[in-house]
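# Residue-level structural notes
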Amino acid sequence: MKLGPTLWPAAVFLGGLALFSLTWTDAIQIADSGELVAAACNLGVAHPPGYPLYTLLGHALCQLPGSTPAGRVAWLSVGAGLLALMLVYLIVRRAGARPWAAAVAALTLATGDIFWRYSSLPEVFALNAALCLALVFACLEATRTPDAAGRAAWSLLCGFFAGLALSNHHSAVWVLPMLVPAILLPLGPVRPLSARLAAGLMGGLLGLTPYLHLILANPEALPRWGDTSTWQGFVTHFLRQDYGTFTLSIGGKAAQYEALEYFIQRLPGQLTWVLWAAAVAGLFLLIAVATSSAETRHPQERLSRAGAGWLALTCVLCGPGFFTLFNLGSAGTDAQVVERFFILPVALLCVCLGLGLMWLDHKVLDQPDFRRTAPLWRVAALVVVGITALANHSKADVSKNYVVEDYAYNTLASVEKGALILGLGDVQTFSILHAQEVLGYRPDVQFINVKLLLYPWYARQKNRERPGLNYRFTKGNVDTLGLIKRELERGVPVYLATVYNDKVLRRFAGYPTGPLVRLLSPWTVSPPAQWVVRHNERLYRRFLWRGPLPNPEVDLWSAQLQESFASSWHSIARAAVAAGDRPTALRALARAKKLAPWMPLLANQSNQ
């Protein structure tokens, strides 16, 4: 395992590039992906806190030729993922580890299925990991720099990376304790401390400048969440007051330690049980160095006491400390929301993994009894990483996942000109936003997220989009029954993407059309079942069906979008059964099974 000093980092870089390129996607994916791409392409304002750094960097990539807008923005995640790998390698090497240990740590991060997946699609989490690791690196270097001028320079970089990290994602706040040993300690003498504080503050303000985008953004550019052009609107957005500043989601509920338990369950897919033990050993090594009387535990180890102690604290805060604040559980689509926040603590654990391997290398493998077999143990660690990559590839691969984009296209293709669609959820809202604002498809259709009508800015935005809509905002109440009634009376076709309230279907009759329900005026006669079947068959012949079906065990969110198509055919089958039309019911059930084979067929239908 004697490679040149530049070959190990080159192997890490090229290995990461091969992995991320293999799974890279040119399509939007679940959750916020569609909104982030739209914000990047149009220089809009995404949901709180706005992610201005990601928006500005993504906008630069949107101007490049080739691929699709989503694919170009996804290269930002690929680049950020590679930067994160190189920073793990560099941090571990600077701590005193040999190249093989640093490479294993970096490649372990690369092959974890969550980090791997989010380094292949347009999202903010790979960039968040890279910026937080850059902050950790700068802070550790600052604690090792003895001269005042060097400390001040590193303090400037520490503040800058802290500001940049917060300009991308607020979970970076859990890494900010690393600034204490880097800038504040020791507390004297006054002059060097003042220089470090001034440099850190200057760097922080510079790193936060992307937030000026929220103030200066074109108010007509979509997406546009809230009114960030005013001081009050900017503060509300920055503090995420629409969601609740210290919560992940509106109205979510979860047990205090549920996220922590789920994190432990998912760790084998990120570190494997074998390497997880080494990561825990590395965490204990940090604590041992911080509490020891000597500056280091081994002549080759170059961790300062202050840096080691605060890094251990940061690992705890980013993991268990953060998880206890989660208000989302670990079941259903909540699990996919929560798991994205595992990326940062896993990245820090990979640093600990490298330190654990360093301890193993220095304390065990360098001993005379192990010198002959030491290369085999080192190769074995790399083999474990390779096995993890093979096991996780299918979970991380989003290269052929077009479910979200196809859902948006098929939904818009299902409606009449000038239609109104009412729905819920980030995926529905943001996928249709991307289709209309980035791809330019069906701008005549208006989509309204019913839950967002609780916010006055959203009601005003929707009224501006469609003259005559005239939705009457009432604080704490959403009157979609009145909205539907008025729009139907105006002759506007109204559809439901989500049956969010049983009162709607009790008040208005409807029939399935594509993944939607077409609502009818109270005085309108429902069309016969045979007409509904023929209508949907015509629609399905022109729908987009790209890529394989989603795996509900890996991507439940995409699977639920796919299920919306099958549910329509289930509804048709129920109507056919009620009418005594067995052939139509069987044909509808066959279509439903083809669209979502994991969904159980209704017993009263399948037994007909």
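So, here's what we can say about the structure. Keep in mind the model is a prediction, meaning the values are calculated, not measured.

Helix and strand counts for the protein chain stand at 27 helices and 5 strands. Here the C-alpha atoms of the protein chain give a radius of gyration of 27 Å, agreeing with the 25 Å that 2.2 N^0.38 yields for 608 residues. The 608 residues of the protein chain split such that 55% are buried. Relative to all contacts within the protein chain whose residues are 6 or more apart in sequence, the contacts with residues 24 or more apart total 72%. As displayed, the protein chain has an accessible area near 25,200 Å², and 64% of this comes from carbon and sulfur atoms. For the protein chain, the distance from the average site of its 51 positive side-chain charges to the average site of its 36 negative ones is 1 Å.

Moving on, we get to the packing of aromatic side chains. As enumerated under the stated definition, the model contains 33 aromatic pairs in all. Each ring, one from Tyr409 and one from Tyr441, has its centre 4.6 Å from the other, and the planes form 20 degrees; the classification is stacked. Taken together, the residues Tyr409 in helix α19 (residues 403-413) and Tyr441 in the loop between α20 (426-437) and β2 (446-449) connect sequence positions 32 residues apart. On the accessibility criterion, Tyr441 (24% relative accessible area) is partly exposed. Directly above the aromatic system of Tyr495 lies the positively charged group of Arg518, at a separation of 5.4 Å from the ring centroid.

So, about the pattern of salt bridges. Close approach of charged atoms allows side chains of opposite charge to pair. With the rule as written, the count across this model stands at 20 salt bridges. For Arg340, the salt bridge is made with Asp32, and the minimal N-O distance between the two is 3.5 Å. Linking Arg340 in the loop between α16 (333-339) and α17 (343-365) with Asp32 in the loop between α1 (7-23) and α2 (33-42), this pair joins segments that are 308 residues apart in sequence. You'll find Arg340 and Asp32 in the same group, each marked buried. With its nearest N and O atoms 3.1 Å apart, the salt bridge here joins Glu537 to Arg587.

The next point concerns the layout of surface pockets. Considered as a void within the structure, the second largest pocket measures approximately 420 Å³ in volume. What lines the second largest pocket is a set of 23 residues, and nearest its centre among them are Leu222, Leu433, Gln461, Lys462 and Glu465. The set of elements that each furnish at least two residues to the lining of the second largest pocket consists of α20, β2 and α21 (456-465). Among the elements that make up the lining of the second largest pocket, the one with the highest residue count is α20 (6 residues). Partitioned by chemical class, the residues of the lining of the second largest pocket number 12 nonpolar, 4 polar and 7 charged.

A separate point is a positive patch on the surface. Residues Arg534, Arg538, Arg541 and Arg542 make up a contiguous surface patch of positive charge. Mapped onto the secondary structure, Arg534 falls in helix α24 (residues 529-541).

On the surface, Leu184, Leu185, Leu187 and Leu197 cluster together into a nonpolar patch covering about 330 Å² of accessible area. Structurally, the position occupied by Leu185 is in the loop between α9 (179-184) and α10 (190-207). Judged by its relative accessible area of 30%, Leu185 is partly exposed.

This part takes up the sheet that holds strand β3 (residues 494-496). Note on sheets: strands pair through backbone hydrogen bonds, and any given pair is parallel or antiparallel. The sheet built from 5 strands is open, its strands ordered β2-β1-β3-β5-β4 with mixed pairing. Each of the sheet's edge strands pairs with one partner strand only, and the pair in question is β2 and β4 (510-513). Geometrically, the sheet is characterised by an average inter-axis angle of 30 degrees between neighbouring strands, direction not taken into account.

What follows covers the pairing of strand β5 (residues 516-519). What you see with β5 is no split at all: Leu516 and Arg518 on one side and Val517 and Leu519 on the other are buried throughout. Looking at chain direction, β3 and β5 are connected through 2 bridges and run antiparallel. Note on β5: the bridge partner recorded for Leu496 is Val517. Pairing between β4 and β5: 4 bridges, direction antiparallel. Each residue of the ladder has a partner; that of Tyr511, found in β5, is Arg518. What sits between the antiparallel neighbours β4 and β5 is a turn of 2 residues, in which Gly514 has the positive phi angle 60 degrees.

This next bit is on the environment of Ile421. As for its position among the elements, Ile421 is in strand β1 (residues 420-423). Separated by 72 residues in the primary sequence, Ile421 and Pro493 have C-alpha atoms spaced 8.5 Å apart. Once residues lying within four places of it in the same chain are set aside, the contact partners of Ile421 are Thr411, Leu412, Val415, Val445, Gln446, Phe447, Ile448, Tyr495, Ala497 and Leu516.

Under the 1.5 Å per step criterion, the end-to-end length of helix α25 (residues 556-578) is 31 Å for 23 residues, consistent within 8% with the ideal 33 Å. Its axis deflected by about 30 degrees at Ser564, α25 carries its strongest bend there. Once α25 ends, the next one or two residues include Gly580, with phi positive near 75 degrees.

A few words on the packing of helix α4 (residues 69-94) against helix α7 (residues 125-144). Viewed as axis vectors pointing N to C, α4 and α7 meet at an angle of 25 degrees, and their least axial separation amounts to 8 Å. Taken together, the axes of α4 and α7 are roughly parallel relative to one another. Between α4 and α7 lies a crossing of left-handed hand. Between α4, through Ser77, Ala80, Gly81, Leu83, Ala84, Leu87, Val88, Leu90, Ile91 and Arg94, and α7, the contact on the second element is made entirely by Ala126, Leu127, Ala130, Leu133, Ala134, Val136, Phe137, Leu140, Glu141 and Arg144. Residues that form the contact of α4 with α7 fall into these classes: 15 nonpolar, 2 polar and 3 charged.

Quick look at the nonpolar core now. Residues Phe20, Leu85, Val88, Leu109, Leu133, Cys158 and Ile421 are the most contacted members of the largest nonpolar core, which totals 165 residues. Per-element tally for this core: the top contributor is α7, with 16 residues. Setting aside chain neighbours within four positions, we find Cys158 in contact with Leu135, Ala138, Cys139, Ala142, Leu179, Ala182 and Ile183. In terms of nonpolar packing, the next biggest core, distinct from the first, is built from 24 residues, Leu422, Leu496, Phe508 and Leu519 among them.

The next subject is the pairing of β1. Side chains Leu420 and Leu422 project from β1 onto one buried face, and the interleaved Ile421 and Gly423 project onto a second face that is buried too. Inspection of the sheet shows β1 paired to β2 by 4 bridges, in the parallel sense. Following the sheet pairing, Leu420 is matched in β2 by Gln446. On the question of chirality, the crossover connecting β1 to the parallel β2 by way of α20 is right-handed.

What counts, and at which threshold
Residues numbered from 1 in each chain as written. Predicted model: local features only at pLDDT ≥ 70, side-chain atom pairs only at ≥ 80, totals over all residues. Heavy atoms only, no water. Helix = DSSP H or I, 4+ residues; strand = E, 2+ residues; numbered from the N terminus. Rg over C-alpha atoms; globule rule 2.2 N^0.38 Å. Buried < 20%, exposed > 50% of the residue type's maximum accessible area, 1.4 Å probe, protein only. Contact = heavy atoms within 4.5 Å. Areas by Shrake-Rupley, 256 points an atom, 1.4 Å probe, with all protein chains shown as cover. Lys, Arg positive; Asp, Glu negative; His and termini not counted. Charge placed at Lys NZ, Arg CZ, Asp CG, Glu CD. Phe/Tyr/Trp six-rings, centres within 6.5 Å; stacked < 30°, edge-to-face > 60°. Lys NZ or Arg CZ within 6 Å of the ring centre and 35° of its normal. Salt bridge = Lys/Arg side-chain N within 4 Å of Asp/Glu carboxyl O. 1 Å grid on protein atoms, 1.4 Å probe; cavity = no way out; pocket = protein on both sides within 12 Å on 5 of 7 lines; lining within 4 Å. Points joined across faces, edges and corners; volume = space filled by probe spheres on them. Nonpolar A, V, L, I, M, F, W, Y, C, P; charged D, E, K, R; others polar. Patch = residues over 30% accessible without salt bridge, like charges linked within 9 Å, V, L, I, M, F, W, Y side chains within 5 Å. Pairing = 2+ DSSP bridges. Axes fitted to C-alpha atoms, helices over the stretch in contact; angles between N-to-C directions. Expected span 1.5 Å × (residues − 1). Bend = angle between axes of the 7 residues up to and from the residue. Parallel < 35°, antiparallel > 145°, perpendicular 65-115°, else oblique. Left-handed = near helix turned anticlockwise from the far one by under 90°. Core = buried A, V, L, I, M, F, W, Y, C linked by side-chain atoms within 4.5 Å. Right-handed = clockwise from strand over helix to strand, strands pointing away.

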